Amino acid sequence: MSGATGAGPVRPYVITGGRVAPSRDSLALETLVVAAESAGTTGAAASAGEHTSDLGPECAEILDLCVRLLSVAEVAAHLRQPVAVIKVLLADLLDAGLVVARPPVTAADRHDPALLKEVLDGLRQL
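Residues numbered from 1 in each chain as written. Predicted model: local features only at pLDDT ≥ 70, side-chain atom pairs only at ≥ 80, totals over all residues. Heavy atoms only, no water.

### Section: the sheet that holds strand β1 (residues 32-35)
Stage number 1. Pairing within the open sheet is antiparallel, and its three strands lie in the order β2-β1-β3. Two strands close off the open sheet at either side, each with one partner strand: β2 (70-71) and β3 (99-102).
Stage number 2. The sheet contact formed by β1 and β2 spans two bridges and is antiparallel. Bridge pairing in β2 links V33 to L70.
Stage number 3. Together, β1 and β3 form the strand contacts of helix α6 (residues 83-95), whose direction differs from that of β3 by roughly 110°. (Pairing = 2+ DSSP bridges. Helix = DSSP H or I, 4+ residues; strand = E, 2+ residues; numbered from the N terminus. Contact = heavy atoms within 4.5 Å. Axes fitted to C-alpha atoms, helices over the stretch in contact; angles between N-to-C directions.)

Here's what the structure looks like:
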């Protein structure tokens, strides 16, 4: 993804079309992304065919890479691009319906207060 054509690597602002922020704020480093076709999204193949001609080479590389579930940070590392650039491109792919994002599981999601109370009550009975 260096885009080297003899002049050196392509600058990040060129890759993102000058945009510095993604169209959505929901893309944390640990957000998991996968190509919509890999995720089994209905109509993804038809949608991908319509949009791939509009994609830059970096977005096409992301789609190729995201045939398996990867975090935003992993995509950035594989493509050797700043996370901010990858977030802009992933947001574009999300808006086009070509990738699916799964938000990270938060600590609040993992801990059921009722279950924790039962465990605490059980420990107190010991």
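Continuing now.
### Things to note about the environment of D64
Stage number 1. Here D64 shows up in helix α4 (residues 57-65).
Stage number 2. A sequence separation of 30 residues divides D64 from V34, and the C-alpha atoms of the two residues are 9.8 Å apart.

### Side note on the nonpolar core
Stage number 1. Formed by 25 residues in total, the largest nonpolar core has its most connected members in I62, L63, V75, I86, L90 and L93.
Stage number 2. Going through the elements one at a time, β1, α4, α5 (72-79) and α6 are the ones with two or more residues in this core.
Stage number 3. The leading source of residues in this core is α6, at seven residues. (Core = buried A, V, L, I, M, F, W, Y, C linked by side-chain atoms within 4.5 Å. Buried < 20%, exposed > 50% of the residue type's maximum accessible area, 1.4 Å probe, protein only.)

### As for the packing of α4 against α6
Stage number 1. It is at 10 Å that the axes of α4 and α6 come closest, and there the two elements cross at 75°. Relative to α6, α4 is oriented roughly perpendicular. In this structure, α4 uses E58, C59, I62 and L63 to contact α6, whose residues at the interface are I86, L89, L90 and L93.
Stage number 2. Of the residues assigned to the contact of α4 with α6, the class counts are seven nonpolar, no polar and one charged. (Parallel < 35°, antiparallel > 145°, perpendicular 65-115°, else oblique. Nonpolar A, V, L, I, M, F, W, Y, C, P; charged D, E, K, R; others polar.)

It is worth stressing that arrangement in space is one thing and function is another; only the former is reported here.
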